[in-house]
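# Coordinate analysis (summary)
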Amino acid sequence: MTQARPFDPNIPVLTELFSDKGEAQADPAAQPSAQEPLLADWSEPEWALLERRLSERILQQIQGRVDFVLEQRLRDSMEQVLQHAVAGLTAELRTGLQDAIESIVVRAVAQELSHLQSHK
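First things first, this report covers the structure right here in the doc.

About the cut-offs
- Residues numbered from 1 in each chain as written.
- Predicted model: local features only at pLDDT ≥ 70, side-chain atom pairs only at ≥ 80, totals over all residues.
- Heavy atoms only, no water.
- Helix = DSSP H or I, 4+ residues; strand = E, 2+ residues; numbered from the N terminus.
- Buried < 20%, exposed > 50% of the residue type's maximum accessible area, 1.4 Å probe, protein only.
- Areas by Shrake-Rupley, 256 points an atom, 1.4 Å probe, with all protein chains shown as cover.
- Phe/Tyr/Trp six-rings, centres within 6.5 Å; stacked < 30°, edge-to-face > 60°.

### Digging into the overall build of the chain
The helix and strand tally for the chain stands at two helices and zero strands. The buried share of the chain, reckoned over its 120 residues, is 0%. Split by element, the accessible area of the chain, about 11,700 Å² in all, is 59% carbon and sulfur.

### Structural notes on the packing of aromatic side chains
Scanning the model with the defined rule gives one aromatic pair in all. Ring geometry for tryptophan 42 against tryptophan 47: centres 5.1 Å apart, planes inclined by 50°, an arrangement best described as tilted. Judged by relative accessible area, tryptophan 42 falls into the partly exposed class, the value being 24%.

What follows is the structure in C-alpha cells.
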C-alpha cells in the first residue's frame, strides 16, 4: 500500500483554482511577489542575459537532436553503400573465380589430351 504524501500548503487545491460558477480564478502563485521584479522593470543587461541563456538552451536542445538525426541518417546511408559495395565485390570475385577455374580446366584438359596423344 502506498503511503499518503504530506499536505503541501504551496500546492493549490481545486477549490482555490475554480469558483463555484466553474470559472478559473487567478492563480495566487502566478502573482508576482514584492521580491520578484516585473518583466517591465528589467534592465537592458537583464534582457540580454535572458536572451543569451534562452539561445544557448535552445541551441543545445537542437544540436542534440540534429546530432541524433545526422548519425541515424549517416548510419542508414553507410549501410546502403556498404551493401552495394559488397554486392559489387561479390559479383567481381565470382566472375574472376569462374574465369580462373575455366582457364585451369581448359589448360588441364589440353595437357591431358596432349599427354594422351603423345602416348599413341
